[in-house]
Amino acid sequence: MPLFKSPRIPTWEGYHYERDDTSTNNEEQSTYKYGRRAPIEEIPPKAFKRAPFTKPPFTHDDLRKAIPPHCFQRSIPHSFLYLFYDVAAVFTLYHVATDFIPLLPIPLRYLAWLVYWVAQGCVLVGISEIAHGCGHHSFSDHEWLDDVVGLLLFSPLLIPYFSFQFSHGRHHANMGSIGREEALATKRRDALSQGGERIFQWLRKTPFRLIIIVGGLLFGVQLSLTVGFGGRQYNQISSLLNPWSPIFSRKQRLQVVISDVFLAAALYTYYQIGATQGWEWFLCVYGGPYVVHNALAVMMVSLSHMHPALPRYDADEWDWLRGSLSTVDRDWGVLNHTFHHMPDLHVVHHLFPKMPHYHLQEATHYVRPILGEYYQRDTTSIYKALFREVQCLAFVQKDNDVEHGGVFWFAIDKS
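Everything numeric here is computed off the predicted structure, so don't read it as measured data. (Residues numbered from 1 in each chain as written. Predicted model: local features only at pLDDT ≥ 70, side-chain atom pairs only at ≥ 80, totals over all residues. Heavy atoms only, no water.)

Another point: the environment of His-171. Here His-171 lies in helix 5 (residues 161–173). In the structure, His-171 is positioned 13 residues away from Leu-184 in sequence and 8.0 Å away in space, judged by C-alpha atoms. Once you skip the residues sitting within four places of it in the chain, His-171 turns out to touch Glu-181, Glu-182, Ala-183, His-305 and His-350. Only 2.8 Å separates the side chain of His-171 from the side chain of Glu-181, close enough to count as a polar contact. (Helix = DSSP H or I, 4+ residues; strand = E, 2+ residues; numbered from the N terminus. Contact = heavy atoms within 4.5 Å. Polar contact = N/O pair within 3.5 Å; in protein donor to acceptor, adjacent residues only side chain to side chain.)

Structure follows, in structure tokens:
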């Protein structure tokens, strides 16, 4: 694959494509024939057609065989090229902001800083997605290189790389499981206490939803890292900063300590920068983008895994394939590219987490016909979806008319 030219992969939005299978060569079979325009398949905002919950007629191996082999190949030059673009964007925005914003009159200066925060925060999400890929070892064929790159990218964002890697791996291994899901734990409504039921009712009211959204966007990442907020329930606090947290095995503790050391080094560096340059300067240059990055990360994680159409399973009903399919692709517009297609191609990412992000689009094209109704995609406005899906935070319930008693659905008001 050429370094400076990505393969032209036609998207499915608005077009119908046919695969050219006339050749016997695998690479030549990966070409496409452009066809007529076709309507986008999506979940209408107020019509929640539930995803199938029975065991699918296909296997994980069937999906793998449908994808061209080159989609599983990891390219070091290609991966570093995306990283170079993101790092260059970070430094470009930094220099533009620090060189020109102070020259603006005060009213425009405030607005310019806000624009910078949003733009830089979006780029930082792209960098964190590359680090996230390193945690899956989708960056290269060398685990040591992935770990070095991921550690150097995540630490400045105050995310413990190895701790995230271990915790996130458990999330992928237990996606959709009630009681074992690591990052986005769900609770059965029939097991709620009186206080829990009261919270469930509050989530149906607009003011409380807004409070939860604002609090989650501002503090969700920090609470998740420090006290395991929103994650699987253990007998003790499941902090990602604690090497003796129940999340980690004995063999993983040393790497958790390494992550903590790099975090401490980043914090010390930021302290020295703030003391030298001034804390107002530091908050404008780093603090604003950091908050935007965390808010976007919370939105992406929540909306990729929570939807009224998605099932959850108890221990008797759950299996890995159905659990991995209980995710949804969301359309973030132009930010799909900035975020390296992680939110809009998340289903295939869960099915093949070691696949590089630059192959997810092509792979999704091939597996969608096989997945059929098991594939979920929603183009509802991100902000409207966030307000709606905040009700999915913790509570699931079963349907009385469903034979599979181990299948649960988010208890949500569909308005």
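Back to the write-up after that little detour.
Overall, the coordinates contain 20 aromatic pairs when judged by the stated rule. Consider the rings of Phe-58 and Tyr-374, whose centres lie 5.5 Å apart with planes at 85°: the pair is edge-to-face. Pair noted here: Phe-58 is in the loop between strand 2 (32–37) and helix 1 (60–66) and Tyr-374 is in the loop between helix 13 (360–371) and strand 6 (377–378), with a separation of 316 residues, a long-range link. Each member of the pair, Phe-58 together with Tyr-374, is buried. Joined through ring pairs, the aromatic side chains of Phe-154, Tyr-161, Phe-162, Phe-164, Phe-166 and Phe-248 make up one cluster. Its guanidinium or amino end placed over the ring of Phe-72, Arg-64 lies 4.7 Å from that ring's centre, counting from NZ or CZ. When the ring centre of Trp-318 is taken as origin, the NZ or CZ atom of Arg-180, which lies over that ring, is 4.6 Å away. (Phe/Tyr/Trp six-rings, centres within 6.5 Å; stacked < 30°, edge-to-face > 60°. Buried < 20%, exposed > 50% of the residue type's maximum accessible area, 1.4 Å probe, protein only. Lys NZ or Arg CZ within 6 Å of the ring centre and 35° of its normal.)

Once that is clear, we can look at the nonpolar core. Within the largest apolar cluster, 64 residues are counted, with the highest numbers of intra-cluster contacts made by Leu-296, Leu-325, Trp-332, Leu-351, Met-355 and Leu-371. The dominant element in this core, judged by the number of residues it contributes, is helix 3 (residues 106–136), at eight residues. The contact partners of Leu-371, leaving out residues within four places of it in the chain, are Phe-58, Leu-63, Leu-325, Val-347 and Leu-351. (Core = buried A, V, L, I, M, F, W, Y, C linked by side-chain atoms within 4.5 Å.)

Let's shift gears to the environment of Ser-140. Structurally, the position occupied by Ser-140 is in the loop between helix 3 and helix 4 (143–154). Spatially, the C-alpha atom of Ser-140 lies 9.5 Å from that of Lys-354, the residues being 214 residues apart in sequence. The residues touching Ser-140, leaving out its near neighbours within four places in the chain, are Arg-74, Ile-76, Leu-145 and Asp-146. Of note is the side chain of Ser-140, whose polar atom sits 3.1 Å from the backbone nitrogen of His-142.

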